[in-house]
Amino acid sequence: MDSELAELQRQFQAAQEAKSSVRLSERNVVELVNTLQQLELLDSDLLHTVSGKEYITQDCLRTEMEAEIGRLGRVSLIELADILGVDLYHVERQAEYIVAKNAELMLVQGEILSIVYWDSVAEEINERLQESSQISLAALAAQLHVSSDLLTSILEPRLGTIVQGKLEGGQLYTPSYVSRIRAMVRGAARGIMVPTNLSSVWSSLHQLLQEMDGATGGSTEGNFFQALLNSLIKEGEVLGSLRSGISWTPAVFALAQRESVESFFSQNSFVGYDVLNKLAIPQPKQYLQKVYLWRQSSCTLQWLACWMLLQRMLLNMVDGKGHNM
């Protein structure tokens, strides 16, 4: 029995080592594969490469695409089709499937980008930011060939972690730069004694930065100054009021206005609206009604505000003259 088994093994080995005299051409192989697919002996998802010399399954194509995405981090679908040698149509179909099942990937304008890629980009941006203190978001987006909105959505969750900076008005700033500009805005606001249009203040700060920093100070915009001022007002570091978002009235001026009105009113028992106009109070009647609402003994007339007692005296004088006539 053992001898018979050994003989069969020898014959089988000889058959394997023997060279076939019949060879199939590439065309024969293609026809054979097509026939096997028609007979449902092979999976119907079998794909042939662009060269027509190889076949690849959908699962294998997906696996190879994932490997290339992991290796490159960012790759276009056209580039993947060239690398893997398959039609772009099949790559697009698999790309949608791969991105849908992997939250760390995104498909943007024919490119697949991974979270690892974006982390590395954020690290490079942070290095540049620390060197230059500020970077234009539009310039970064142009260099990366992505939209500013996409880049903003990528950077915002990484601020304070990978990217040590502040994003404001399309610009990235370092914390030290923000502190410096914040101090300048605070000093400028505290130095204003009369109602002022902030556009001129921001223009002066912008020019000052250019003189101090040269080209690096040229991209700091007014909306950044405005945002810092709003923060300072909210935190009580500067006192005053904003009208229409650009007209700044310091608290010290408003206090001086009120003291002047109080003084005139106390001395004369009335105050004419022309006096308030000279004090730069644009709506004198409404101002008096608001400020002196608690004074029940006062009233507002067409041209002035006065004590009720003075009004009665004037009315009595008028009535007296009428009777005498």
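Residues numbered from 1 in each chain as written. Predicted model: local features only at pLDDT ≥ 70, side-chain atom pairs only at ≥ 80, totals over all residues. Heavy atoms only, no water.

So, the pattern of salt bridges
(1) Moving on: Scanning the model with the defined rule gives nine salt bridges in all.
(2) Moving on: With a shortest N-O distance of 2.5 Å, Arg182 and Glu235 are connected by a salt bridge. One end of the pair, Arg182, is in helix H9 (residues 175-191); the other, Glu235, is in the loop between helix H11 (222-234) and strand S10 (240-243), with 53 residues separating them in the sequence.
(3) Moving on: On the basis of relative accessibility, which here comes to 17%, the residue Arg182 falls in the buried class.
(4) Moving on: Salt bridges sharing common partners tie together Arg182, Arg186, Glu235 and Glu237. (Salt bridge = Lys/Arg side-chain N within 4 Å of Asp/Glu carboxyl O. Helix = DSSP H or I, 4+ residues; strand = E, 2+ residues; numbered from the N terminus. Buried < 20%, exposed > 50% of the residue type's maximum accessible area, 1.4 Å probe, protein only.)

As for the sheet that holds strand S4 (residues 105-108)
(1) Moving on: With antiparallel pairing, the three strands of this open sheet are ordered in space as S3-S5-S4. In the strand order of this sheet, the two ends are held by strand S3 (74-76) and S4, each with one partner. Adjacent strand axes in the sheet meet at a mean angle of 20 degrees, parallel and antiparallel pairs treated alike.
(2) Moving on: Pairing geometry for S3 and strand S5 (residues 111-114), over three bridges, is antiparallel. Bridging across to S5, Ser76 finds its partner in Glu111.
(3) Moving on: Relative to S3, helix H4 (residues 77-84) is tilted by about 80 degrees, and along the sheet it contacts S3, S4 and S5.
(4) Moving on: Most of the contacts of helix H5 (residues 88-101) go to S4, to which it runs at about 140 degrees, and overall it touches S4 and S5. (Pairing = 2+ DSSP bridges. Axes fitted to C-alpha atoms, helices over the stretch in contact; angles between N-to-C directions. Contact = heavy atoms within 4.5 Å.)

A look at the environment of Gln134
(1) Moving on: Secondary-structure assignment places Gln134 in strand S6 (residues 134-136).
(2) Moving on: Separated by 40 residues in the primary sequence, Gln134 and Thr174 place their C-alpha atoms 6.5 Å from one another.
(3) Moving on: Within the local environment of Gln134, its side chain forms a polar contact with the side chain of Gln171, the two groups lying 3.3 Å apart. (Polar contact = N/O pair within 3.5 Å; in protein donor to acceptor, adjacent residues only side chain to side chain.)

A short note on a nonpolar patch on the surface
(1) Moving on: A cluster of nonpolar side chains, namely Met193, Val194 and Val252, defines an oily patch on the protein surface of about 260 Å² accessible area.
(2) Moving on: Locating Met193 in the fold gives a position in the loop between H9 and strand S9 (196-197). (Patch = residues over 30% accessible without salt bridge, like charges linked within 9 Å, V, L, I, M, F, W, Y side chains within 5 Å. Areas by Shrake-Rupley, 256 points an atom, 1.4 Å probe, with all protein chains shown as cover.)

Points about the sheet that holds S10
(1) Moving on: In space, the three strands of this open sheet follow the order S9-S11-S10, with antiparallel pairing throughout. The sheet terminates laterally at S9 and S10, the two strands that pair on one side only.
(2) Moving on: Pairing of S10 with strand S11 (residues 247-250), which is carried by four bridges, proceeds in the antiparallel orientation. Note that in S11 the partner of Ser241 across the bridge is Thr249.

Comments concerning helix H3 (residues 58-72)
(1) Moving on: Here H3 contains 15 residues, and its C-alpha end-to-end distance of 21 Å stays within 8% of the 21 Å for a straight helix at 1.5 Å per residue.
(2) Moving on: For H3, the complete set of buried residues consists of Gln58, Leu61, Arg62, Met65, Glu68 and Ile69. Burial along H3 is one-sided: seen end-on, the buried residues are contained in an arc of 125 degrees. Those residues of H3 that are exposed and angled more than 90 degrees off the buried face are Gly70 and Arg71.
(3) Moving on: Just beyond H3, the residue with positive phi is Gly73, at close to 85 degrees. (Expected span 1.5 Å × (residues − 1). Arc of directions from axis to C-beta.)

A word on H11
Residues spaced three or four apart along an α-helix face the same direction, because each turn holds 3.6 residues.
(1) Moving on: Under the 1.5 Å per step criterion, the end-to-end length of H11 is 18 Å for 13 residues, consistent within 8% with the ideal 18 Å.
(2) Moving on: Turning to H11, its buried residues number three or more, namely Phe224, Phe225, Gln226, Leu228, Leu229 and Leu232.
(3) Moving on: Just beyond H11, the residue with positive phi is Gly236, at close to 75 degrees.

What to know about the packing of H3 against H5
(1) Moving on: Viewed as axis vectors pointing N to C, H3 and H5 meet at an angle of 65 degrees, and their least axial separation amounts to 10 Å. Taken as axis vectors, H3 and H5 run roughly perpendicular relative to one another. The crossing of H3 and H5 is right-handed. Listed contacts from H5 to Gln58, Leu61, Arg62, Met65, Glu66 and Ile69 of H3 are His90, Val91, Arg93, Gln94, Ala95, Tyr97, Ile98 and Lys101.
(2) Moving on: Looking at the contact of H3 with H5, its residues break down into seven nonpolar, three polar and four charged. (Parallel < 35°, antiparallel > 145°, perpendicular 65-115°, else oblique. Left-handed = near helix turned anticlockwise from the far one by under 90°. Nonpolar A, V, L, I, M, F, W, Y, C, P; charged D, E, K, R; others polar.)

Thoughts on the environment of Glu111
(1) Moving on: For Glu111, the position within the fold is in strand S5.
(2) Moving on: Separated by 32 residues in sequence, Glu111 and Glu79 place their C-alpha atoms 9.2 Å apart.
(3) Moving on: If near-sequence neighbours (up to four positions away) are discounted, Glu111 is found in contact with Arg74, Val75, Ser76 and Met106.
(4) Moving on: Within the structure, the side chain of Glu111 is placed 2.8 Å from the side chain of Arg74, a separation counted as a polar contact.

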